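Chains, contacts and geometry: an overview
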Amino acid sequence: MPTVSHSSTPPATTAGWREWVSLPALGVPWVKAKLDTGARTSALHAFDPEGFVQDGAEWVRFWVHPWQRSVADSVQVELPVVERRLVRSSTGHVDERPVVPMDIRLAGRTVRAEVTLSRRDEMGFRMLIGREALRQGFLVDPSRSYLGGRPRRTTRRRNRGV
């Protein structure tokens, strides 16, 4: 006998512990991200953030460098600041970061997330996807990687600075 689902919630999408994601509204087709269920909020590596006021609201202008060891394909972005939040890093350091709204395309699904902006120079990934984004229909399989697909090899080589 077939199982009948009475829920309108679509089934969860399984993703690996690391995935290639895109930020479509920002014009960033690929950025490598770590999926971190231990982090509440998502974070993006932002270069040269500069706050400004537009129509009485706080905004931030910054650069996204999607490749780990390169400034190729950099994109300048301006987004409204939703709030400023104290965030504790993995090393225990606490700092105040701007939080911006962002669409993230992961494993064929697009979710809206609040993303903190920080310098992730020493981190292995330009982006971290936290629980708030993942609870929008994702299961993370820590034994797998890149279940949502990857860019062509020539594109991936740019992430390694080749």
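Residues numbered from 1 in each chain as written. Predicted model: local features only at pLDDT ≥ 70, side-chain atom pairs only at ≥ 80, totals over all residues. Heavy atoms only, no water.

1. Some points on the overall build of the chain
When its secondary structure is counted, the chain shows two helices and 12 strands. Taken from the N to the C terminus, the helices and strands of the chain come in the order β-β-β-β-β-β-β-β-β-β-β-α-β-α. Split into buried and exposed, the 162 residues of the chain put 43% on the buried side. The long-range share in the chain, meaning contacts at least 24 apart out of those at least 6 apart in sequence, stands at 57%. (Helix = DSSP H or I, 4+ residues; strand = E, 2+ residues; numbered from the N terminus. Buried < 20%, exposed > 50% of the residue type's maximum accessible area, 1.4 Å probe, protein only. Contact = heavy atoms within 4.5 Å.)

2. So, the sheet that holds strand β7 (residues 75-80)
In space, the three strands of this open sheet follow the order β5-β6-β7, with antiparallel pairing throughout. Looking at the sheet topology across the chains shown, the edges are occupied by β5 (47-54) and β7. The sheet shows a mean angle of 20° between the axes of neighbouring strands, taken without regard to direction. Bridge count for strand β6 (residues 57-64) against β7 is six bridges, and the pairing is antiparallel. Directly across from Val-64, in β7, lies its bridge partner Val-75. (Pairing = 2+ DSSP bridges. Axes fitted to C-alpha atoms, helices over the stretch in contact; angles between N-to-C directions.)

3. Quick notes on the packing of aromatic side chains
Tallied over the entire structure, the rule returns four aromatic pairs. Their ring planes at 80° and their centres at 5.8 Å tell us that Trp-17 and Phe-125 sit as a pair that is edge-to-face. Placement of Trp-17 in the loop between β1 (13-16) and β2 (18-23) and of Phe-125 in the loop between β10 (109-118) and β11 (127-129) is noted, with a sequence separation of 108 residues between them. Following the ring pairs from residue to residue traces out a cluster consisting of Trp-20, Trp-30 and Trp-67. Over the ring of Phe-52 we find Arg-61; its NZ or CZ atom is 4.3 Å from the centre of that ring. The lysine or arginine in question, Arg-109, covers the ring of Phe-138, its NZ or CZ lying 5.4 Å from the ring centre. (Phe/Tyr/Trp six-rings, centres within 6.5 Å; stacked < 30°, edge-to-face > 60°. Lys NZ or Arg CZ within 6 Å of the ring centre and 35° of its normal.)

4. Here we look at the pairing of β6
With six bridges connecting them, β5 and β6 associate as antiparallel partners. The residue of β6 that forms the bridge with Phe-47 is Trp-63. The hairpin formed by β5 and β6 contains two residues between the paired strands, and Asp-55 there has a positive phi angle of roughly 50°.

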